[in-house]
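Secondary and tertiary structure notes
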Amino acid sequence: MTAIDVSPRNNRPSAADAPQKFRKNGRRRFGADAVALAIALCVAFPLFWMVLSALKPKTALDAGDAAPFTLEPSLDSFGRVLAVNNFGQYFLNSVIVALAVVVISTVLAFLAAVALTRYNFRMRTKLLIIILVAQMVPVEALTIPLFFLLRNAGEAIPLVGLNQLGSLVLVHVGFSVPFAIWMLRGFVAAVPVEIEEAARLDGASSFRFVRSILFPLVAPGVVACSVFSFISTWNDFLFAKTFIISAQENQTLPMALLTFFKPDQNDWGAIMAGSVIMTIPVLIFFIAVQRKLVSGLAGAVKG
């Protein structure tokens, strides 16, 4: 008979295997860092080229100088942008529309997410499917129907008709709310029901629970939704060009860049300078909420 060794074996790596494992983990980490750095450079390069083109003299841009640096930076392109008639009004209109969309869409989406998560009612599942399908429709396919809809609605409610900022707010809210509902629904569902039951035992009403307990817990998700709503509204050109036809005083900031696109020759320096100016408010808004945004995206993945 053959003897069977039943003595316990140590499955832990020996001291000789530790350096090899350390080197393997180091190579993996280095490879991951290299890939992340390459992706970051690819994302940051258009921003770098935009700022560089905005600082180049007009003569260098007209000459087709593609050098990745400039020894004579100039602010003339920014001066031409700021000299556009009603530029300050365009900027103010963009701020008003973006902030209005952020506030209205986040409030509606939060309340809808609470209703779809915490309450049982008929056709709740069908309503969620309708909200999901609404996000699949291309924006370009709805532009013409929305044009006629707002034209007719303006006869009854002038505030949301053509050539009004209310039309931009209404349209962007309609496109932002479905996405925000799906995103916030995961955050609301992640809050344990026991917290609500404990609040009810302490005498808190439904409104008090939603305002004082539930909203602070899902605040990261609200911030994440507000960032997406702000960026999509701030950078909008299609709806601003379609719905604001003749009222120059109600144009938004992307329309100011249209003045530098000319049939004979585009003013690329001013276009890049205007793009830099448009990017600054987005960066400020993002920096202000970046911590909440990161935790909000992590919560959305878990939900």
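By the naming in an unreviewed UniProt entry, the chain is ABC transporter permease subunit, taken from Pseudarthrobacter psychrotolerans. Quoted verbatim from the Subcellular location (unreviewed entry) heading of the UniProt record, the comment on the chain is "Cell membrane". UniProt annotates the chain under Sequence similarities (unreviewed entry) with the comment "Belongs to the binding-protein-dependent transport system permease family."

Tallying secondary structure elements over the chain gives 13 helices and 0 strands in all. Reading the helices (α) and strands (β) of the chain from amino to carboxyl end gives α-α-α-α-α-α-α-α-α-α-α-α-α. Sequence separation of 24 or more characterises 71% of the internal contacts of the chain that already satisfy a separation of 6 or more. Here the chain displays about 19,000 Å² of accessible surface, and carbon together with sulfur accounts for 67% of that area.

Taken together, the side chains of V103, I104, V107, L108 and L111 define a hydrophobic patch exposed on the protein surface, amounting to about 420 Å² of accessible area. On the secondary structure map, L108 appears in helix α4 (residues 87-118).

Following the UniProt record, the feature "transmembrane region" (unreviewed entry) maps to residues 30-52, 90-115, 127-149, 169-188, 209-231 and 268-289 here. Taken as a whole, residues 90-115 contains 100% helix and 0% strand, while its terminal C-alpha atoms sit 37 Å from one another.

Here helix α7 (residues 165-190) is 26 residues long and its end C-alpha atoms lie 37 Å apart, about the 38 Å a rise of 1.5 Å per residue gives. The largest bend in α7 comes to about 30 degrees, at S176, with the proline P178 one to four residues further on.

What follows covers the packing of aromatic side chains. Two descriptors summarise a pair of aromatic rings, namely the distance from one centre to the other and the angle between the planes of the rings. Throughout the structure, instances matching the rule amount to 11 aromatic pairs. Where F110 meets F215, the ring centres are 5.3 Å apart and the plane angle is 85 degrees; that geometry is what we call edge-to-face. With F110 in helix α4 and F215 in helix α9 (residues 206-217), this pair connects stretches of sequence that are 105 residues apart. Taking the relative accessible area as the measure of exposure, F110 reaches 6% and is therefore buried.

Looking now at the packing of α4 against α7. Between two packed helices, the angle of one axis relative to the other and the distance separating the axes together describe the packing. Interaxial distance between α4 and α7 falls to 6 Å at its minimum, and their mutual angle equals 40 degrees. Viewed along their axes, α4 and α7 form a crossing whose handedness is right-handed. For the contact of α4 with α7, the residue count by class is 21 nonpolar, 6 polar and 2 charged.

In this section: the packing of α4 against helix α10 (residues 219-234). Where α4 contacts α10, the two axes come as close as 9 Å, and the packing angle between them is 145 degrees. When the axes of α4 and α10 are compared, the crossing they make is right-handed. Across the interface between the two elements, F91, S94, V95, V97, A98, L99, V101, V102, S105 and T106 from α4 touch V222, S226, S229, F230, T233 and W234 from α10. Residues that form the contact of α4 with α10 fall into these classes: 10 nonpolar, 6 polar and no charged.

Assignment of secondary structure puts F78 in helix α3 (residues 76-82). Taking relative accessible area as the criterion, F78 reaches 19% and is therefore assigned buried. For the pair F78 and G269, spaced 191 residues apart in sequence, the C-alpha separation works out to 8.2 Å. When residues no more than four places from it in sequence are discounted, the contact partners of F78 are A54, L55, A273, V276 and I277.

What counts, and where the lines are drawn
Residues numbered from 1 in each chain as written. Predicted model: local features only at pLDDT ≥ 70, side-chain atom pairs only at ≥ 80, totals over all residues. Heavy atoms only, no water. UniProt positions renumbered as here; feature names shortened; annotations may be inferred. Helix = DSSP H or I, 4+ residues; strand = E, 2+ residues; numbered from the N terminus. Contact = heavy atoms within 4.5 Å. Areas by Shrake-Rupley, 256 points an atom, 1.4 Å probe, with all protein chains shown as cover. Patch = residues over 30% accessible without salt bridge, like charges linked within 9 Å, V, L, I, M, F, W, Y side chains within 5 Å. Salt bridge = Lys/Arg side-chain N within 4 Å of Asp/Glu carboxyl O. Expected span 1.5 Å × (residues − 1). Bend = angle between axes of the 7 residues up to and from the residue. Phe/Tyr/Trp six-rings, centres within 6.5 Å; stacked < 30°, edge-to-face > 60°. Buried < 20%, exposed > 50% of the residue type's maximum accessible area, 1.4 Å probe, protein only. Axes fitted to C-alpha atoms, helices over the stretch in contact; angles between N-to-C directions. Left-handed = near helix turned anticlockwise from the far one by under 90°. Nonpolar A, V, L, I, M, F, W, Y, C, P; charged D, E, K, R; others polar.

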